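One letter stands for each residue in the lines below.
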Amino acid sequence: MIDTENNRFVTSIPLTSASNGILAIPRAHELWVGLNDSTLAVIDTTTNAVTHVISTGGTARADEIAWDPVDRLILIANDRDSPPFVSFISQQTFRRENAAL
């Protein structure tokens, strides 16, 4: 974790796999991180703790993340799976739905 306003290292947060795409939602104090093991980690930035690990159902990396603030949905792509797919995850329930590309 890097404090970009003060240009300093804050802490390291252990994850289950190497990270790929990262999405910050400052108002919710959340970081959403796509991982190489096809999961998505949710980090609470007030405690720097992983609060949820959500499987995308794939076998390859989860990467490229987008957020819909109106419907509070996270979109993450599994572009290396065959066939590739995206997952829609509720920011409120942390549940996913997949859609084929």
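Before reading on, note that the structure itself is shown above.
The structure presented is a predicted model; accordingly, all values stated were derived computationally and were not measured.

Novice: A description of the pairing of strand S7 (residues 63–68) should follow, citing residues and the corresponding values.
Specialist: With five bridges joining them, S7 and strand S8 (residues 73–78) adopt antiparallel strand pairing. Within S8, the residue paired with Ile65 across the bridge is Ile76. What sits between the antiparallel neighbours S7 and S8 is a turn of four residues, in which Arg72 has the positive phi angle 55°.

Novice: How would you explain the pattern of salt bridges if you had to name every residue and give the values?
Specialist: Taken as a whole and judged by the stated rule, the model has four salt bridges. The closest approach of N and O atoms between Arg61 and Asp63, which form a salt bridge, is 3.5 Å. Neither residue differs from the other here; Arg61 and Asp63 are each classed as buried. When the shortest N-O distance is used, the salt bridge between Arg61 and Glu64 registers 4.0 Å. Glu64 gets classed as partly exposed once you look at its relative accessible area, which sits at 37%. Through salt bridges with shared partners, a single network forms among Arg61, Asp63, Glu64 and Asp79.

What counts and how
Residues numbered from 1 in each chain as written. Predicted model: local features only at pLDDT ≥ 70, side-chain atom pairs only at ≥ 80, totals over all residues. Heavy atoms only, no water. Pairing = 2+ DSSP bridges. Helix = DSSP H or I, 4+ residues; strand = E, 2+ residues; numbered from the N terminus. Salt bridge = Lys/Arg side-chain N within 4 Å of Asp/Glu carboxyl O. Buried < 20%, exposed > 50% of the residue type's maximum accessible area, 1.4 Å probe, protein only.

Note that every value here comes from positions in space, so none of it alone points to a role or purpose.
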